[in-house]
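# Results of the structural survey
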Amino acid sequence: MEATPSGVLHALGLTLLALAGCTAELDFRDDTFLGFEAADLGIDSRYTRGVCVVDVDGDLDPDVVLTRALGVHLWINDGDGRFDEQGSFRGMPGPAEWLGCGAADVDEDGDEDLLLTDHEGPSLLLLNDGAGVFVDATTAAGLGGSVSQGSVVWTDLDQDGHQDLLLTGVYRGNTRLYRGRGDGTFIDETAAAGLTDVERSWSAGSFDADNDGLPDLFLTTDVAQPASDDTDDRLLLGAGDFTFTDATRDAEISDASDGMGLAVADVDQNSFLDLFVTNIGPHFLWRNLGGLFLNASTAARIENDGGRVGWGTFFVDVDEDADLDLFVANGGYYERGEVEPLHEGLAPRNRLFLQSGIESEFPFFSDGGAEVQIDDEGRSSMGAAWADLDGDGRIDILVANLEDEPVTVRRSLGHLPGYDPGALRVMLRGTASNREALGARVVAETCVRFTLHTVGTGPSVFSQGERVVHVPLDGCGAARLHVAWPSGLEELFVVDDPERDVVRELVEGQGD
């Protein structure tokens, strides 16, 4: 398959990234990063599965939703990095087999609404009343038939400016795809999209895999045997109208392992979005070479040891060296054919792989290990997300843990005294595009290099991280942001004197 420039910054992105030259020679200083510390921010929920970062009350501070079988918790940020649990007061549901969560402005009234999934029961759409209190609108929205789902993927597949919805199914036939009307109601497009026969799927992502300007889909499937087209993870190329072409085999990304979590990003900065899939056993880094995918896990030095169950995962630049790092939340040990994890001995530790650079256009990683204080050995983890929880402009990490173990909260310590690379943090607001600008691409140009960032490409597993574009500056006093909005509009935003602890809002139609 060939990438087709479409006038939405894909061709521009290729040009800008090519101008950066050999990125290995431009690596930021990354030997000053101090890692993380266990943080007491008040978030102490136990028996958690999914974690979503969302601004519930509209005060521009990240709040945290945690799914639990004992009832959904909602932690409200007080603005100073402390959190108070207010779930029952704000309309969160009580006990059920809650798994996933995902937030978007479904009814386009300016606030974030919430969708929750249940392993055995119906999914639940909660509309925000504008004050951070939620009301059940599932049936009225046309979602009453959604049952036994896992991850929540908000996307705008037909690029009409309205949020569409993909729910992965935890049993064969339960995956659902809905077209959003923009008024809080949906139309079931599952059959038209060819998704009625999807096997058990824990996670999925919506992103432009072939750089043709149209959103595509990738679904992980947790069915390894027998290997066939039905049990493979699926890469579906979108036509912009809720119909798809199955490109799994042509892209050579067919995988008959037990797929669990999914992370999407341009790891090697070649303008094509790469994939990382966690499995029961070895995980796979799929490097996108322009519609053809190469399994680069071993070469990139991302090892997770056989028998470990990877769940939530995401790419984010934790050490602010302009290379994307990789977090993996690990669960218990499994053996092939076993349904439940085998907890003999300590559960495997969570992993943070720090990207050490790009050599000959190839990314390399190293295990951060105990030095970065991220491991949590002995806990069985599941969902994971990132956000600036304490308002210092640095990336913190949240991990949901099963059983009677508290949520893992890790606060970034930043860098050695006297060295701060600085960072520009921006949030995109669509006008002609969907409000969250899901699907937007941003090429950030600083005095050091060009980097590609995307908005809303995937939910980790059962989870959703902060939708903020984080651009390390390495002392640069300004940045030029080339934005390709989902509507097709291309704009340039110039930000002078960025402040690390301030999130700038870029509004569609207000750039050059």
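## Some details on the overall build of the protein
Along the protein, the regular secondary structure elements total two helices and 35 strands. Looking at the protein as a whole, 63% of its 512 residues are labelled buried. Across the protein, every contact between residues at least 6 apart in sequence was considered, and the portion connecting residues at least 24 apart equals 58%. Of the roughly 17700 Å² of accessible surface on the protein, 48% is carried by carbon and sulfur atoms.

## Observations regarding the nonpolar core
Membership of the largest hydrophobic core comes to 35 residues, with the highest contact counts inside it found for W154, L165, F186, L428 and L481. Counting only elements with at least two residues in this core, the list comes to strand 8 (124-128), strand 10 (149-155), strand 11 (164-169), strand 29 (423-429), strand 30 (441-445), strand 32 (469-472), strand 33 (478-484) and strand 34 (490-496). For L428, the residues in contact, after removing those within four places along its chain, are R435, E436, A437, A440, V442, V455, V469, V483, W485 and L506. Among the nonpolar cores identified, the runner-up in size contains 19 residues, and F218, A247, L275 and F284 belong to it.

## A word on the pairing of strand 15 (residues 216-219)
Burial along strand 15 is two-sided: D216 and F218 and L217 and L219, pointing in opposite directions, are all buried. Judged from the four bridges that link them, strand 14 (residues 204-207) and strand 15 form a sheet pairing that is antiparallel. Looking at strand 15, one finds that F207 is bridged to D216. Direction of pairing for strand 15 relative to strand 16 (residues 234-238): antiparallel, over a ladder of three bridges. In the sheet register, L219 faces strand 16, and the bridge partner there is R234.

## Quick word on the pattern of salt bridges
Under the counting rule described, the total for this entry stands at 26 salt bridges. Across the pair E97 and R49 runs a salt bridge whose closest N-O atoms are separated by 2.9 Å. Of the two residues, E97 sits in the loop between strand 5 (83-85) and strand 6 (98-104) while R49 sits in strand 2 (residues 48-54), which places them 48 residues apart along the sequence. Under the relative-accessibility criterion, E97 is labelled partly exposed at 33%. D420 is paired through a salt bridge with R394; the nearest N and O atoms lie 3.3 Å apart. Here the residue D420 occupies a position in the loop between strand 28 (408-412) and strand 29, and R394 occupies one in the loop between strand 26 (381-387) and strand 27 (396-401), the gap between them amounting to 26 residues.

## Details of the side chain of D164
When you line up the elements, D164 lands in strand 11. Of the side chains with opposite charge, R179 lies nearest to the buried D164, which makes no salt bridge, at 6.3 Å. In terms of polar contacts, D164 uses its side chain to reach the backbone amide nitrogen of G180, at 2.8 Å. Filtering out sequence-adjacent residues up to four positions away, D164 remains in contact with V153, W154, T155, D156, L157, D158, Y178, R179, G180 and F242.

## A closer look at the state of the cysteines
Under the defined criterion, the tally for this structure stands at two disulfides. Linked covalently through their sulfurs, C52 and C101 form a disulfide whose S-S length is 2.2 Å. The sign of the S-S torsion, about 105 degrees, decides the handedness of the disulfide formed by C52 and C101: right-handed. Of this pair, C52 sits in strand 2 while C101 sits in strand 6, placing them 49 residues apart in sequence. Here the cysteine-cysteine linkages of the protein are recorded as 1-2, 3-4, numbering only bonded cysteines and doing so in sequence order.

## Considerations on the sheet that holds strand 30
Spatially, the four strands line up as an open sheet ordered 31-30-33-34, and their pairing is antiparallel. The open sheet has two edge strands with one neighbour each: strand 31 (450-454) and strand 34. On average, each strand axis in the sheet is tilted by 20 degrees relative to the strand beside it, whichever way the strands run. As paired strands, strand 33 and strand 34 are joined by seven bridges and run antiparallel to one another. The partner of H482 across the bridge, within strand 34, is L492.

## Observations regarding the confidence of the model for the protein
Across the protein, the average pLDDT comes to 87, with 87% of residues at 70 or higher. The low-confidence segment residues 1-28, where pLDDT is below 50, has 68 contacts with residues more than four positions distant or belonging to other chains.

## With respect to the pairing of strand 31
Looking down a regular strand, the side chains alternate between one sheet face and the other. Counting buried positions over the five residues of strand 31 gives four, a clear majority of the element. Here strand 30 pairs with strand 31 via five bridges, running antiparallel. Residue pairing across strands places R441 opposite T454, the latter belonging to strand 31. Between strand 30 and strand 31, which pair antiparallel in sequence order, lie four residues.

## What about the packing of aromatic side chains?
As enumerated under the stated definition, the model contains nine aromatic pairs in all. A ring pair is formed by W202 and F462, whose centres lie 5.8 Å apart and whose planes are at 80 degrees; its orientation type is edge-to-face. Taken as a pair, W202 in the loop between helix 2 (190-193) and strand 14 and F462 in the loop between strand 31 and strand 32 lie far apart in primary sequence, 260 residues in all. Here the two residues W202 and F462 agree in accessibility, since each one is buried.

## Things to note about a nonpolar patch on the surface
A grouping of L34, L413 and L416 is seen on the molecular surface, where their side chains present a nonpolar patch of about 210 Å² in accessible area. Tracing the backbone through its elements, the reader meets L413 in the loop between strand 28 and strand 29. Exposure remark for L413: the relative accessible area of 32% places this residue in the partly exposed category.

The rules behind these values
- Residues numbered from 1 in each chain as written.
- Predicted model: local features only at pLDDT ≥ 70, side-chain atom pairs only at ≥ 80, totals over all residues.
- Heavy atoms only, no water.
- Helix = DSSP H or I, 4+ residues; strand = E, 2+ residues; numbered from the N terminus.
- Buried < 20%, exposed > 50% of the residue type's maximum accessible area, 1.4 Å probe, protein only.
- Contact = heavy atoms within 4.5 Å.
- Areas by Shrake-Rupley, 256 points an atom, 1.4 Å probe, with all protein chains shown as cover.
- Core = buried A, V, L, I, M, F, W, Y, C linked by side-chain atoms within 4.5 Å.
- Pairing = 2+ DSSP bridges.
- Salt bridge = Lys/Arg side-chain N within 4 Å of Asp/Glu carboxyl O.
- Lys, Arg positive; Asp, Glu negative; His and termini not counted.
- Polar contact = N/O pair within 3.5 Å; in protein donor to acceptor, adjacent residues only side chain to side chain.
- Disulfide = S-S within 2.5 Å.
- Axes fitted to C-alpha atoms, helices over the stretch in contact; angles between N-to-C directions.
- pLDDT = per-residue confidence, 0-100.
- Phe/Tyr/Trp six-rings, centres within 6.5 Å; stacked < 30°, edge-to-face > 60°.
- Patch = residues over 30% accessible without salt bridge, like charges linked within 9 Å, V, L, I, M, F, W, Y side chains within 5 Å.

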